[in-house]
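Commentary on secondary and tertiary structure
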Amino acid sequence: MPEITYRQALRDGMTDELERDENVVIIGEEVAQFNGAYKVTEGLLAKFGPKRIVDAPISEAGFIGMGIGASMLGIRPVMELMFWSFAYVAWDQMINNAANVRYMSGGQINVPIVIRGPANGGTGVGATHSHTPENLVASTPGLKVVFPSTPYDAKGLIKTAIRDNDPVYVMESTILYNDTGAVPEEEYLIPLGKADIKREGTDISLIAHGPSVKECLKAAEILAEEHEINAEVVDIRSIRPLDEETIINSVKKTNRAVLVEENKPFCGVGAQVAYMIQYQAFDYLDAPIQRISAIDAPAIYSPPLEKKQLPKADAIVKKALEIC
Amino acid sequence: MTTTATPTKRRRKKPEKANLAKEAELASNRDLSDEDKIGFYDSMIRIRRFEERSLRVYQQGKIAGFLHLYIGQESIAVGSVSVMQENDHIITAYRDHGHGLAVGMTMNECMAELQGKATGCSKGKGGSMHYFATDKRFWGGHGIVGGQTPLGAGLAYALKYKGIKGCALCFLGDGAINQGAYHESLNLAALWDLPVVFVIENNGYSMGTSQERSSVHPKGGLAARAEAYNTNWANLNGESIFEIREGLTEAMNLAREKSKPSVVEIHTYRYQGHSVSDAQHKKYRTKEEIEDYRKNHDPVNLYRDYLIDSGILTAEKAKEIDNAAKTEADQSAKFAEESPFPAEEEILKDVYWEEDNPDQKVSEGRIFFND
């Protein structure tokens, strides 16, 4: 199986779907001539031409709303946000229009749009560019949201997202774009709403999504080598729909859970997962559920402190040891 | 720095009095049959009587929330829809009853929607502000001021992408023209040559704030802002359905044939408040102003008078049409009243396409979180 980057996996997934379905069109800032602000769409303009790969002006409310309108007539736009932090200027379109028109029309409309881009901190760009709005999106019925953490998942999820008939918001991480991993050449799809056990273990469940999955895997190695604790790492992958079964089964096996995310703690994804675990697996818990999120302040610029603000392996180890 | 010599705070300019007999001879109207012309009257009076009836239903406490009435503006929806062709699409804001009825939605489904009944056009899930009839290429009914304008551009984008010679008619009020989404839509429409016509229904007040207090604009009015986007624009007089048809035909042909956007501003007036709950509407305008529009500029009455004066319709026949509209409105109120509310299970339906079409699922996992 060839090893490719997360970036290329996304590109390959989009390429497959552009070839398969002529209604798929990629629209975003710098996606065409500039080859993508993060080179995710590199080469697509040359391959598919300007009708399919469209440079948009810096006008998120306009072009994302336009994509939503086009999707109501059956176009399948894949909209790139240079950062998910920029979603807020298009929030009315993304939350009010994309999520609600199906409902308000009594099911007459569906909105097969994908909105994707990086949603992560840790890159020294300050508070305005470091938002992680997956919890906000997930709390909006009508929307789906996924956050792949590996190249394999990135390709499988972007393809499924494009084929989905509801709006799917795909969160990525600039920190993961250069990561490599094995990705099969033959076609595969990963259903939304399916978590993945990234490391099997027996003693504690580290449950995470996005870049935090990597930190959990590092933490699991430290726990194994230094503390003889065999941690299981559950990658949520899809936040809505949520694979409750995989998460619950893991906790029932290990009886301990640490929830890790770059979201802020208040009303973060972990809050929902923690509620779900205590409700469905209360009798299986041998210790309180632990949560680690970003430290509850706007993303700080100062690089050494920014590193501390986001959950890293050593902090995860510490939290795990508190309940093991 | 250049400065403008003229003041930027301008009052809304009243257009010249309409001359329906003259405007009936414009290119888009001269081939209309008497039957067509009577049909426009029928459509307009049906909207008016439906809305008057809905106001009574509202006052009886059977309609929740808002009720934004269109009374006074009927010529715009009817005139515009009358020049739509088979590949044209339409979208509007929350003052949407007129557009819904004009595209052919029934009074029954519209009245039932107001009352939140299962027989409503959106199964009681949308309400007054959110009418939809996609089979009639009517894409809403949108509640957020200006929020529908990018969607309108998107309908046009889809037509262009698919190589279909059609046009998207996107309505907005004068209160929407300061929203960023509208300006972004204008830029995209011009930049990408989208076949969209933005129709500003200028009734003079964004809720309770007069145009003078809300919007600076060039001499030509609100539509003239389109100059900045190299986009064609026009001002039309809402008193005259014929002028509306002529102006819209021109703009829509430009969209269909040349894939160029336009902005059309139509001078109009609403007699009721912004919404029914806005009972103090006389605070921001005078009684005399409302009376002047009712008496001298009403698009439905002026049109009826034109039909009678030109021998197309007798006064008796006009009354008959009017009475039929009242009866239909009464019956729709009865239909809505007798219709059931949606079943409680309906709350969780029509949220996700996939949940409604379980045979075609691509997702696993849990979508709803109710405990």
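So, here is what we can say about the structure in this document.

Calculation criteria
Residues numbered from 1 in each chain as written. Chains lettered and ligands numbered in written order. Predicted model: local features only at pLDDT ≥ 70, side-chain atom pairs only at ≥ 80, totals over all residues. Heavy atoms only, no water. Helix = DSSP H or I, 4+ residues; strand = E, 2+ residues; numbered from the N terminus. Buried < 20%, exposed > 50% of the residue type's maximum accessible area, 1.4 Å probe, protein only. Polar contact = N/O pair within 3.5 Å; in protein donor to acceptor, adjacent residues only side chain to side chain. Contact = heavy atoms within 4.5 Å. Phe/Tyr/Trp six-rings, centres within 6.5 Å; stacked < 30°, edge-to-face > 60°. Lys NZ or Arg CZ within 6 Å of the ring centre and 35° of its normal. Buried area = accessible area lost by both parts, 1.4 Å probe. Salt bridge = Lys/Arg side-chain N within 4 Å of Asp/Glu carboxyl O. Nonpolar A, V, L, I, M, F, W, Y, C, P; charged D, E, K, R; others polar. Pairing = 2+ DSSP bridges. Axes fitted to C-alpha atoms, helices over the stretch in contact; angles between N-to-C directions.

Quick notes on the side chain of His297 of chain B
Residues and elements named next belong to chain B. If you trace the backbone, His297 turns up in the loop between helix 10 (287–296) and helix 11 (299–309). For His297, a relative accessible area of 12% translates into the label buried. In terms of polar contacts, His297 uses its side chain to reach the side chain of Glu239, at 2.5 Å. Not counting residues within four places of it along the chain, the set of residues in contact with His297 comprises Lys14, Lys17, Glu239, Asp292 and Leu302.

A word on the packing of aromatic side chains
For any pair of aromatic rings, geometry is given as the distance between the ring centres together with the angle between the planes. Tallying each qualifying case throughout the model produces 18 aromatic pairs over all chains. Ring geometry for Tyr352 of chain B against Phe368 of chain B: centres 5.8 Å apart, planes inclined by 65°, an arrangement best described as edge-to-face. Pair noted here: Tyr352 of chain B is in the loop between helix 12 (315–338) and helix 13 (353–356) and Phe368 of chain B is in the segment after helix 13, with a separation of 16 residues, a long-range link. By relative accessible area, Tyr352 of chain B is classed as buried at 0%. Given the relative accessible area of 15%, Phe368 of chain B is considered buried. Here the aromatic cluster, defined as three or more aromatic residues joined through ring pairs, consists of Tyr6, Tyr38, Phe83, Phe86 and Tyr177 of chain A. Lying over the aromatic face of Phe341 of chain B, Lys117 of chain B brings its terminal NZ or CZ to 4.7 Å of the ring centre. The residue whose ring lies beneath Arg285 of chain B is Tyr205 of chain B, and the NZ or CZ to ring-centre distance is 5.6 Å.

Looking at the interface of chain A and chain B
In this complex, chain A contributes 60 residues to the contact, which on the side of chain B involves 49 residues. For the chain A and chain B pair, buried surface summed over both sides reaches about 4500 Å², with 61% attributable to carbon and sulfur atoms. When the area that chain A buries against chain B is broken down by residue, the three leading residues are Met66, Tyr103 and Met104 of chain A, summing to 16%. At the junction of chain A with chain B, the criterion picks out five salt bridges. Linking chain A with chain B are 29 residue pairs in polar contact (both at pLDDT 80 or more). Secondary structure elements with two or more residues in the side of chain A that touches chain B: strand 2 (24–28), strand 3 (53–55), helix 3 (60–72), helix 4 (91–104) and helix 9 (269–281) of chain A. In terms of residues, the side of chain A that touches chain B owes the most to one element, helix 3 of chain A, which gives ten residues. The class makeup of the residues in the side of chain A that touches chain B is 26 nonpolar, 20 polar and 14 charged.

Some thoughts on the pattern of salt bridges
Enumeration according to the criterion identifies 51 salt bridges over all chains in this entry. Residues Glu22 of chain A and Lys162 of chain B are paired through a salt bridge, measuring 4.0 Å at the closest nitrogen-oxygen approach. With Glu22 of chain A in the loop between helix 1 (6–20) and strand 2 and Lys162 of chain B in the loop between helix 6 (148–161) and strand 3 (168–173), this pair bridges two chains. Residues Lys361 of chain B and Glu355 of chain B are paired through a salt bridge, measuring 3.3 Å at the closest nitrogen-oxygen approach. If you follow the salt bridges from partner to partner, you end up with Asp16, Glu17, Arg20, Lys155, Lys159, Arg163 and Glu187 of chain A in one network.

Some details on the sheet that holds strand 2 (residues 138–141) of chain B
Residues and elements named next belong to chain B. Taking strand neighbours across the sheet as the criterion, the six strands line up as 2-1-3-4-8-7 in an open arrangement whose pairing is parallel. Every other strand in the sheet has two partners, leaving strand 2 and strand 7 (232–237) as the edge strands with one partner each. For this sheet, the mean inter-axis angle between neighbouring strands, taken without regard to orientation, is 15°. With two bridges connecting them, strand 1 (residues 89–92) and strand 2 associate as parallel partners. Directly across from Ile90, in strand 2, lies its bridge partner Phe138. Helix 9 (residues 241–258) rests against strand 3, strand 4 (196–202), strand 7 and strand 8 (262–267) of the sheet, and its axis sits at about 165° to strand 7.

Digging into the pairing of strand 3 of chain B
All names here are of chain B. Here strand 3 lies mainly inside the structure; five of its six residues are buried. In the sheet, strand 1 pairs with strand 3 via three bridges, with the strands oriented parallel. Counted as the bridge partner of Ile91 is Cys170 from strand 3. As paired elements, strand 3 and strand 4 share six bridges and run parallel to each other. Note on strand 4: the bridge partner recorded for Phe171 is Val199.

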